[in-house]
Amino acid sequence: GENVEQHPSTLSVQEGDSAVIKCTYSDSASNYFPWYKQELGKRPQLIIDIRSNVGEKKDQRIAVTLNKTAKHFSLHITETQPEDSAVYFCAANSPWEHGNKLVFGAGTILRVKS
Amino acid sequence: NAGVTQTPKFRILKIGQSMTLQCTQDMNHNYMYWYRQDPGMGLKLIYYSVGAGITDKGEVPNGYNVSRSTTEDFPLRLELAAPSQTSVYFCASRGGVTYEQYFGPGTRLTVT
């Protein structure tokens, strides 16, 4: 089955700097890669996702890049702000499995210092 | 359109007790999922359903049961609660066209 690894586990940046979180996946058939943001005590919220037919997707200050050959994808946050502080989870789907399940990485705690 | 709702928000159980966590969605989604999230950890899939009457095990199903008698509801049953089941439980759903999963607000369960 699919396995997703996420690095780093914690990341501290100064306000205004960029943050990059990386994930690798194992199943070459995976074709959907979402990123979720979870604030303390809240539910995970989708912030951006990418399908395997594109290499990059951008939405204002956040972007995701996908390298299918290397089986890794990354989240890029530019001009970080204190409200970006949260836990970020990557995930990859298992398209051949019943239910097209998502497998999540272990999460990255992002702290933006002002 | 309330999305995905879960009850209760919090619950404390004694070891050996049983309870049902409720999950309802009003988006007419076929796919529904139950996850648990232990402190400082990621999301682990407990059970999922691809439609009414169809359920299947996820990564960590032991100690849990589910049913899906309607499209809207996907309750999770804990039998003989154990301290290892202390966690936050999230229900999620998605439609058939997109892959995006929508999460409920979660239920924080403590077993003592």
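Conventions we followed
- Residues numbered from 1 in each chain as written.
- Chains lettered and ligands numbered in written order.
- Predicted model: local features only at pLDDT ≥ 70, side-chain atom pairs only at ≥ 80, totals over all residues.
- Heavy atoms only, no water.
- Phe/Tyr/Trp six-rings, centres within 6.5 Å; stacked < 30°, edge-to-face > 60°.
- Helix = DSSP H or I, 4+ residues; strand = E, 2+ residues; numbered from the N terminus.
- Buried < 20%, exposed > 50% of the residue type's maximum accessible area, 1.4 Å probe, protein only.
- Disulfide = S-S within 2.5 Å.
- Contact = heavy atoms within 4.5 Å.
- Buried area = accessible area lost by both parts, 1.4 Å probe.
- Salt bridge = Lys/Arg side-chain N within 4 Å of Asp/Glu carboxyl O.
- Polar contact = N/O pair within 3.5 Å; in protein donor to acceptor, adjacent residues only side chain to side chain.
- Nonpolar A, V, L, I, M, F, W, Y, C, P; charged D, E, K, R; others polar.
- Pairing = 2+ DSSP bridges.
- Axes fitted to C-alpha atoms, helices over the stretch in contact; angles between N-to-C directions.

S.K.: Can you tell me about the packing of aromatic side chains, naming the residues and giving the values?
M.R.: Residues and elements named next belong to chain A. In this structure the tally under the stated criterion is 14 aromatic pairs over all chains. Seen from their ring centres, F33 and F73 are 4.9 Å apart, and the 50° between their planes marks the pair as tilted. On the criterion of sequence distance, the pair formed by F33 in strand β4 (residues 32–38) and F73 in strand β8 (residues 72–77) is long-range, its members being 40 residues apart. The pair F33 / F73 is uniform in exposure class, with both members buried. Note on Y36 and F104: the rings are 5.8 Å apart at their centroids and 55° apart in plane angle, and the pair reads as tilted. Taken together, the residues span a long stretch of sequence, with Y36 in strand β4 and F104 in strand β10 (residues 102–104) at a distance of 68 residues.

S.K.: Hey, could you go over the state of the cysteines for me, with residue numbers and the actual values?
M.R.: Evaluation of the coordinates by the stated rule reveals two disulfides over all chains. Across the disulfide from A:C23 sits A:C90; the S-S distance is 1.9 Å. Looking down the S-S bond of the A:C23 and A:C90 bridge, the torsion is -100°, so its handedness is left-handed. Taken as a pair, A:C23 in strand β3 (residues 19–25) and A:C90 in strand β9 (residues 86–93) lie far apart in primary sequence, 67 residues in all. At a sulfur-sulfur separation of 1.8 Å, the disulfide partner of B:C23 is B:C91. Disulfide B:C23 to B:C91: torsion about the S-S bond roughly -70°, handedness left-handed. Residue B:C23 is located in strand β3 (residues 19–25), and its partner B:C91 is located in strand β9 (residues 87–94); the two are separated by 68 residues in the primary sequence. The buried category is assigned to B:C23, whose relative accessible area is 1%.

S.K.: Quick rundown of the interface of chain B and chain A? Include the residues and the values.
M.R.: Tallying the contact residues gives 25 residues for chain B and 20 residues for chain A. For the pair chain B and chain A, the summed buried surface comes to about 1,800 Å²; carbon and sulfur atoms form 57% of the total. The interface formed by chain B and chain A holds zero salt bridges in total. In this assembly, chain B and chain A are joined by three residue pairs in polar contact (both at pLDDT 80 or more). Among the elements of the structure, β4 (31–37), β5 (43–51), β6 (54–57) and β9 of chain B are those that each provide at least two residues to the side of chain B that touches chain A. The class makeup of the residues in the side of chain B that touches chain A is 15 nonpolar, five polar and five charged.

S.K.: Requested: an account of unusual backbone geometry, with residues and values cited.
M.R.: Looking along the chain, the bond that leaves A:H7 and enters A:P8 is cis, with omega of -5°. Counting through the fold element by element, A:P8 comes out in the loop between β1 (4–7) and β2 (10–14). Look at the link from B:T7 to B:P8: it is a cis peptide, with omega at -5°. By the secondary structure assignment, B:P8 is in the loop between β1 (4–7) and β2 (10–13). Despite not being glycine, B:N28 shows a phi value in the positive range, around 60°. Counting through the fold element by element, B:N28 comes out in the loop between β3 and β4.

S.K.: Before we move on, could you go through the sheet that holds strand β6 (residues 56–59) of chain A and cite the residues and values that matter?
M.R.: Residue and element names in this part refer to chain A. Reading across from one edge, β1-β3-β8-β7-β6 is the order of the five strands in this open sheet, with antiparallel pairing throughout. In the strand order of this sheet, the two ends are held by β1 and β6, each with one partner. Along the sheet, successive strands turn relative to each other by an average axial angle of 15°, direction set aside. One ladder, built from four bridges, connects β6 with strand β7 (residues 62–67); its direction is antiparallel.

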